[in-house]
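So the chains spell out like this:
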Amino acid sequence: STVADPPDPAEVVRRDHDYRGTLVDGNDLPPGVLNNIQSLRSTVNALEAQVTDLKSRMITVENLKGHEKEFSGATGLPNYAVFKALLKYFSPKPERMMWWRGKATTRRLCLAGRKRLYNGALHKLSLEEQFFTVLVRLRTAKSVTELSRRLNITQSSFSIMFTTWVIFLCYELGALNQATTRTCASRGAAAFKHFLNTRFILDCTEVYTERPSGLKARKQLFSNYKHHSTIKFLIGTSPNGSVVYVSKVWGGRSSDKKITCDASSCLDLLRPGEAVMADRGFLIEEDVAAHGCELYIPAFLTSKRSQLTASEVTRTRRIALACIHVERAIQRIKLFRILRWFPLSLLHVSEQIFKVCSFLTNFQKPVIADIEDL
């Protein structure tokens, strides 16, 4: 007698556990169960559509990379192509940078030759996600709570990531945006046709900070101009409107002259025969002359002079027309909302944050739209 072939196990399982067929027929189901299943299925479909809609509204690289205006508003960079180009320029340094653990601890680990500390939560994030989120924090000033929840990491892990990236970007963008050669003035607007030897335009700007509790710190940060606790920076822009110099951080109490005189790295960029343009508060003519250069500032009245001459009025108007471009550059920097107000918890990286925001504006469209004529 012939032995029958054993049944196919997959066929046996399909036949014995074909619940789908039973549900479709609905003959063996109690009354109303099929209706409940259909209702639950509709609810699941509605929830899936809601989740898809919510994901599409989130500020992520995937959602914004195809929308130039939205991407620029969220990051401060003009488009996704510039974002990718910067990330490629930084590579492979971000993969090797050590997570910030405080100045003393990080320095000790670096001197000891320790490699990058492992952080499980941050290790799961791609470099693109990290860089994008840091830019969003700078541009929109969204809270650490919101951004850490979006990335599904703790607030402490996000703070470590943010501080590390800001310090890294400060060094990298600073090297990328070094002062250009003296040909800048010839490429500037028509406002500089009378000042072709201008190397850069100087101005100071202040950022509000939380008021410290210590009396000495309050005294150093209090600004007589803003009547509030502030930190102060010296900005240098080329005649074409790009930021070429940012000083170290100063307390709001410091004067423009003191900041400029102590900014030796700024004046050292000058070559004999070049000129610096500034507002009338920058009384640094002797310091500039020591480098064999010239200072362009508006004329001002003194106790011995009650009226300006016609030539001084004309020259002052021309200088004011040229100096307005540094104000426009500072306005662009202040569009990074994190610079609206610094809490005390961010003061230790306030200088790096301001420099990063300043140099990021150089990737945007030129301040002077038409550099040939106005």
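Residues numbered from 1 in each chain as written. Predicted model: local features only at pLDDT ≥ 70, side-chain atom pairs only at ≥ 80, totals over all residues. Heavy atoms only, no water.

A closer look at the pattern of salt bridges
Stated formally: The working definition used for a salt bridge is a side-chain nitrogen of Lys or Arg within 4 Å of a carboxyl oxygen of Asp or Glu. Numbering goes from the N terminus for both helices and strands, where a helix is a DSSP run of H or I of at least four residues and a strand is a run of E of at least two. Any residue under 20% of the maximum accessible area for its type is buried, any over 50% is exposed, and the rest in between are partly exposed; the area is computed with a 1.4 Å probe on protein chains only.
Scanning the entire structure with this criterion turns up 10 salt bridges. Of the charged contacts, one joins Asp256 and Lys232 as a salt bridge, the two residues approaching to 2.9 Å between their closest N and O atoms. With a gap of 24 residues between them, Asp256 in helix H14 (residues 256–262) and Lys232 in strand E3 (residues 228–237) connect regions that are remote in the sequence. Judged by relative accessible area, Lys232 falls into the buried class, the value being 8%. One continuous salt-bridge network, built from bridges that share partners, spans Lys142, Glu146 and Arg150.

Some words on the packing of aromatic side chains
Quick reminder of the rule: Side-chain rings of Phe, Tyr and Trp, where Trp is taken by its six-membered ring, are said to pair if the distance between their centres is within 6.5 Å; with planes under 30 degrees apart they count as stacked, over 60 as edge-to-face, and otherwise as tilted.
With the rule as written, the count across this model stands at 14 aromatic pairs. On the numbers, 6.3 Å between centres and 10° between planes, the contact of Phe158 with Phe162 is stacked. Here the residue Phe158 and the residue Phe162 both occupy positions in helix H12 (residues 155–176), the gap between them amounting to four residues, near one helical turn. Note on Phe158: relative accessible area 0%, which makes it buried. With 4.0 Å between their ring centres and 0° between their planes, Phe233 and Phe354 make a pair best called stacked. Of the two residues, Phe233 is situated in strand E3 and Phe354 in helix H18 (residues 350–360); the sequence distance between them amounts to 121 residues. Among the residues examined, Phe233 registers a relative accessible area of 0% and is labelled buried. On the basis of relative accessible area, Phe354 is assigned to the buried category, the value being 0%. Ring pairing ties together the aromatic residues Phe71, Tyr80, Phe83, Tyr89, Phe90, Phe131, Phe132, Trp165 and Phe168, which thus form one cluster.

Observations regarding the nonpolar core
We apply this condition: Within this scheme, the nonpolar core is defined by two criteria: the residues are buried Ala, Val, Leu, Ile, Met, Phe, Trp, Tyr or Cys, and they are joined through side-chain atoms within 4.5 Å. Residues are treated as being in contact if the distance between any of their heavy atoms lies within 4.5 Å.
In terms of nonpolar packing, the biggest core is built from 67 residues, with Leu138, Trp165 and Ile353 touching the most fellow members. The biggest single contributor to this core is H12, with 11 residues. Other than its neighbours up to four places away in sequence, Leu138 contacts Phe162, Phe336, Arg337, Ile338, Ile353, Val356, Cys357 and Leu360.

Observations regarding the environment of Leu138
Relative to the helices and strands, Leu138 is located in helix H10 (residues 127–140). Among the residues examined, Leu138 registers a relative accessible area of 0% and is labelled buried. Spatially, the C-alpha atoms of Leu138 and Leu335 are 9.6 Å apart, while their sequence positions differ by 197 residues.

Considerations on H10
Given 3.6 residues per turn, any residue in an α-helix points the same way as the ones three and four places further on. Selection criterion: By this rule the span expected of a helix is its residue count minus one, scaled by 1.5 Å.
Its 14 residues give H10 an end-to-end C-alpha distance of 20 Å, which sits within 8% of 20 Å, the value for a rise of 1.5 Å per residue. Burial of H10 is extensive: 11 of the 14 residues sit out of reach of the surface.

Things to note about the side chain of Glu172
For the record, the criterion: Polar contact criterion, stated in full: a pair of N or O atoms within 3.5 Å, where within protein one must be able to donate a hydrogen and the other to accept it, and residues adjacent in sequence count only if both atoms are side-chain atoms.
Checked against the element boundaries, Glu172 lands in helix H12. Residue classification places Glu172 among the buried residues on the basis of a relative accessible area of 12%. For Glu172, the side chain forms a polar contact with the side chain of Lys93, separated by 3.1 Å. Ignoring sequence-local partners within four residues, the contact set of Glu172 consists of Tyr89, Phe90 and Lys93.

Some points on the pairing of strand E1 (residues 198–208)
The side chains of a regular strand alternate, residue by residue, between the two faces of the sheet. Under the convention used in this document: Any two strands with at least two DSSP bridges between them are considered paired.
Of all 11 residues that make up E1, 10 are buried, and the element is covered over most of its length. Examined bridge by bridge, E1 and strand E6 (residues 275–277) share three bridges and lie parallel to one another. Residue pairing for E6: Ile201 is matched across the bridge by Met277.

Points about the pairing of strand E4 (residues 243–246)
Pairing analysis gives three bridges linking E3 to E4, with the strands arranged antiparallel. Among the inter-strand pairings, Gly236 is bridged to a residue of E4, identified as Tyr245. Counting the residues in the hairpin turn of E3 and E4 gives five residues, including Gly241, whose phi is positive at 95°.

Quick word on the confidence of the model for the chain
In regions of low pLDDT, the predicted coordinates are not meant to be interpreted in detail. Selection criterion: The predictor rates its confidence in each residue with pLDDT, a number between 0 and 100.
Averaged over all residues, the pLDDT of the chain equals 85, while 84% of them reach at least 70. This model gives residues 179–183 a pLDDT under 50, and the stretch forms nine contacts once residues within four places in sequence are excluded. A low-confidence stretch, residues 370–374 (pLDDT under 50), is modelled with eight contacts involving residues beyond four sequence positions or located in other chains.

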